[in-house]
Amino acid sequence: MASPQNLDPHRDPRISYADKVTYPSGRAPTQIDIHASMVWRPRQSVLSSPSSFFYVSEKYESLNYIKILNKLEVEHEKTLTFHSLMMEDCVRICYFILAGILTGLVGVFVEGGILVVGRAKYSFLSQYISEHFRGDLPEFTVMAVVWSLFTIVPIMIGSALVVFIAPYAAGGGVAQCVAYMNGVRVPKVLSIKGLWVKSLSTICCVTSGLAGGKEGPMMHLGAIAGGSLPSALPWPSFKSDHERRDLAAAGFGAGIAVAFGAPIGGLLLSVEEGVSFWDLSLMWRSYLCILFAYFMGNLMLSLIEGQPGDFNNPDLLTFGKISSDVTEYELFEIFLFAMVGAIGGMSGALLIRLHVYITMFRKRFVNTKTRKLTESFLVGCLIAAFNLTAVMHIKSCFTWSNEPLDDHSRLEPSQQWAHPAKYAYLGAAAQLSGTVGKTFSILVIMVEASGSISFSFPLMVIVSVTKYVENFFVMPIYETQMLMMGLPFLPSKPPPLSENIPTSRVMSNPPLVTFPLRPTVITVVTILQRCKHQGFPVIEKDKDDKDMLLGLILRQQLLVLLKHQAYKYPSPQTFKQMSECLALYLKESRKHLKIEKIEVDPLYYDVEVDLTPYYDPYPYVVQETMPLTKSYDLFRSLGLRHMIVVDEENVVVAMVTRKDLAKYHTWVSMCRMGVKEMRIR
């Protein structure tokens, strides 16, 4: 953000009063105001240290979920009929169905690639070992080199694809998708190039032998398949951030359905992650998307397996069926289930802690392309050594005996309840829930993926205990990753003990910048060059010379006006002119224009730009005395990007954005709670 000194209106005498920095009630700040703004923080909060793992990045902005109701949009809406709205709803449903089909095809591509490459790899290795290895040291050395190559080469291929082609495709991508559904504009999160790179690198990762799966990447791939669909189709009404967000959320759930074979679990996970904007109509459309993704995935995989139309194959998108003998349990085992959940919560918390420190180490030292590839090579060598050691000791494995260990044993293996497969399955559920931090969706995913509805009660006990144990120590991993990336994520609840805090106290810094109704071209250009605000209140002087609020205009709207030299022509008056302007804006607004790349003829510097047809006269406005809790709930639930704060005389005093609210992080750990004000950097 630009500093207030960079907005000095005396730098150019042609700049109007709108370029001045405005303070509450249009007056200069007093010493009391400055002192209060410097020392105020939420009750018992502390400012995070400069080296803190968690921060808020300046580069992220909010998405434009709210429709701009300017004159252009209002005139366009007059042409709509109920029939056209019904047709639009039908087309929207087709979008969601197509998104499900595409997600299913992407999942089949990834799963099919893993099956083909993995089977070819292990078939060759098993044949090579059986034919060439007799136990001699030279033969063992050659075998170790061949084995290592089949591990290291796929890792290096996948790493090179990410490092050199699409660095934004690194990792699982779930944290970025969750932030996007929360309202954050994450660059390249829906990139088609990222889809191909992530698909190929996921195949390389799984087939190399790394301890990584396709579940996390499939969520991101599904979100890309759904959210990028409007770009490939001609209807402009579906290219808004709101429509893309809904399609990305549906594709996110469809990715779960394809990865786990759990359509209802995928739907619930989308609800748990995107609860800030969810409604029943979106749930229905997402259900259709997930249904078609699941059907297409099973259909195509059945063709690959040579069993067309056979959806009962346990190798298709499932963990495999668990027999009823394994799922039987006794009453006293409930305590054992709780212990498994507690262990899963603690191991998940330990994993998240290790993830935090390893990630910070990698940010500090593994920060160049050469170092990243070197890291991949060293990890490949380590994994190859582990795998080779495990293969050499395969004869040391044994089968669990059905005989009791001795007369003095607390646990007899001959008992039916002490089945290793049962507790291995429950342990997997506990570990997954302890890492992800979700309950309902994980429960349904595990039930659907195993086909064992009778095991739902033990899973309910486990995920409940796991969640409370994990939350006692750490935050869930995706929320932790978002805070480490600087993503301005807004949790479901505002900072506690903030009911007595007025909204004006969290205003953006630098202070507010406004526009008159008819600014000059030089005013628009200079303001856009000197500050990075994405929205500007439009004001007008009243009879008492006070800046009365008229509405809000976005930075992108002003850039479109400058690019197409709207100052050379009169404002649109007829319906045809307004329709052309609206279509032009919808087309240009997706290009993310920059003021540095727009040329303005100096001869028109003193010409006025009429903002009347373009600004939104109905922005969301709150009183400066409104408690922060209410403002927070309004901002998050509606998915706002800007919220204007006015005083009792309707004079603009502040502008609240996502970063102003996201910097207050509420932490809960080991029966302690606090609020930390994260730094914006």
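In what follows, the structure referred to is the one given above.
Keep in mind it's a predicted model, so treat the numbers as computed, not measured. Numbers given to residues run from 1 along each chain, matching the order in which its sequence is written. Note on the predicted model: pLDDT of at least 70 is required for a residue's local features to be given, and 80 or more for side-chain atom pairs to be given and counted; whole-chain, interface and lining totals, by contrast, use all residues. Only hydrogens and water are set aside when side-chain values are computed; all heavy atoms of the structure are taken into account.

Asks: Just checking my understanding: could you explain the sheet that holds strand 9 (residues 621-623) for this structure?
Replies: Two pairing modes exist for strands in a sheet, parallel and antiparallel, and in both the strands are linked by backbone hydrogen bonds. Strand pairing follows a simple DSSP-based rule, namely that at least 2 bridges must link the two strands. Starting at the N terminus, helices and strands are each numbered in turn, a helix being any DSSP run of H or I of at least four residues and a strand any DSSP run of E of at least two. With mixed pairing, the 3 strands of this open sheet are ordered in space as 9-10-11. Of all the strands in the sheet, the pair left with one neighbour each is strand 9 and strand 11 (652-657). Neighbouring strand axes in the sheet, compared pairwise and without regard to direction, differ in orientation by 30° on average. Pairing between strand 10 (residues 642-646) and strand 11: 5 bridges, direction antiparallel. When the bridges of strand 11 are listed, Ile644 appears paired with Met655. Here, residues are in contact when the closest pair of their heavy atoms is within 4.5 Å. A fitted line through C-alpha atoms represents every axis, and for helices the fit uses only the stretch in contact; the resulting angles, taken between N-to-C directions, go from 0 to 180 degrees. Docked against the sheet, helix 21 (residues 628-638) engages strand 9, strand 10 and strand 11, running at close to 150° with respect to strand 10.

Asks: Whenever I open this one, unusual backbone geometry confuses me. Can you help?
Replies: Across residues other than glycine, the phi torsion is negative in most instances, and most of the peptide bonds are trans. You will see that Asp545, though not glycine, has its phi angle at about 65°, which is positive. The residue Asp545 is located in the loop between strand 7 (535-541) and strand 8 (547-554) in this model. Any residue under 20% of the maximum accessible area for its type is buried, any over 50% is exposed, and the rest in between are partly exposed; the area is computed with a 1.4 Å probe on protein chains only. A relative accessible area of 53% places Asp545 in the exposed class. In this model, Asn650 sits at a positive phi of 65°, which is unusual for a non-glycine residue. Within the secondary structure layout, Asn650 lies in the loop between strand 10 and strand 11. With relative accessibility at 31%, the residue Asn650 sits in the partly exposed group.

Asks: Help me understand the side chain of Ser201, please; the structure alone is not making it clear to me.
Replies: With respect to the secondary-structure elements, Ser201 resides in helix 6 (residues 192-208). On the basis of relative accessibility, which here comes to 12%, the residue Ser201 falls in the buried class. In this structure Ser201 touches Gly158, Leu161 and Val162, once residues within four positions along its chain are discounted.

Asks: Please explain helix 19 (residues 555-563) as it appears in this structure.
Replies: Structurally, the α-helix is built with 3.6 residues per turn, so residues lying three or four positions apart point the same way. The buried fraction of helix 19 is high, at 8 of 9 residues. All of the buried residues in helix 19 are Arg555, Gln556, Gln557, Leu558, Leu559, Val560, Leu561 and Leu562. Those residues of helix 19 that are buried lie in contact with strand 6 (515-516), helix 18 (521-530), strand 7, strand 8 and helix 20 (575-588).

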